[in-house]
Amino acid sequence: MHAFDVLGDPVRRRILELLAEGEQTSGAVTAVIRAEFGITQPAVSQHLRVLRDNGFATVRPDGARRLYAVDHTALRQVDEWLAPFRRFWTPHLSAMATEVARGKRLRRLGEGVGTNDARSAR
């Protein structure tokens, strides 16, 4: 299965978001996914299996529990696939960062001018 086929499913994307917060028990993942998507525990288990089988998640036993975590292997492949396309958004993000910094600077200078004006009026 291609990485984007795996990530194309909103349930699997949400599971990855949960796992990105840190290692999670299958029960904790299931509780959130059932509440948000209204699917059964076996369906959640199937989504976890797809993530695991395709290199997006790892699982390790911890007594009777199974702990899931993000596996960077497939995510690294997605990142490599996206590399040629970054040129389309990277300059825009850099320009946005410059504008945000400029706005902060202008606000800071504007606050200083207003403060000095108020002091000199006294």
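Residues numbered from 1 in each chain as written. Predicted model: local features only at pLDDT ≥ 70, side-chain atom pairs only at ≥ 80, totals over all residues. Heavy atoms only, no water.

Labelled according to an unreviewed UniProt entry, the chain appears under the name DNA-binding transcriptional ArsR family regulator, originating from Actinoplanes xinjiangensis.

A.B. asks: It is not clear to me how the packing of aromatic side chains should be interpreted in this structure. Could you clarify?
C.D. replies: When we look at a pair of aromatic rings, we describe it by the centre distance and by the angle of the planes. Within the structure shown, the criterion is met by two aromatic pairs. Arranged with centres 5.0 Å apart and planes meeting at 65 degrees, the rings of F4 and W81 form a pair that is edge-to-face. Note that F4 is positioned in helix α1 (residues 3-7) and W81 in helix α5 (residues 72-82), a separation of 77 residues in sequence. Looking at F4, the relative accessible area reads 33%, which means it is partly exposed. We classify W81 as partly exposed; its relative accessible area is 46%. Centroid distance W81 to F85: 5.0 Å. Interplanar angle 35 degrees. Geometry classified as tilted. Grouping aromatic residues by their ring pairs yields a cluster made of F4, W81 and F85. (Phe/Tyr/Trp six-rings, centres within 6.5 Å; stacked < 30°, edge-to-face > 60°. Helix = DSSP H or I, 4+ residues; strand = E, 2+ residues; numbered from the N terminus. Buried < 20%, exposed > 50% of the residue type's maximum accessible area, 1.4 Å probe, protein only.)

A.B. asks: Teacher, can you tell me more about the nonpolar core here?
C.D. replies: Judged by nonpolar contacts, the single largest core of 19 residues is most densely connected at I15, L19, V29, I33, L48, L51 and F56. When residues of this core are traced back to their parent elements, those giving at least two are α1, α2 (10-20), α3 (26-37), α4 (41-53) and α5. Ranked by residue count, the leading element in this core is α2, at five residues. Residue contacts for I15: discarding those within four places in its chain leaves V29, I33, H47, L48 and L51. (Core = buried A, V, L, I, M, F, W, Y, C linked by side-chain atoms within 4.5 Å. Contact = heavy atoms within 4.5 Å.)

A.B. asks: Would you mind showing me how to read the sheet that holds strand β2 (residues 57-62) here?
C.D. replies: Backbone-to-backbone hydrogen bonds join strands into a sheet, with any given pair of strands oriented parallel or antiparallel. Across the sheet, which stays open at both edges, the three strands sit in the order β1-β3-β2 with antiparallel pairing between neighbours. At either end of the open sheet lies a strand with only one pairing partner, and these are β1 (24-25) and β2. In this sheet, strand β3 (residues 65-70) lies alongside β1 in antiparallel orientation, the contact comprising two bridges. Bridging across to β3, Q24 finds its partner in Y68. Its contacts with the sheet put α2 on β1, β2 and β3, and the angle it makes with β3 is roughly 95 degrees. (Pairing = 2+ DSSP bridges. Axes fitted to C-alpha atoms, helices over the stretch in contact; angles between N-to-C directions.)

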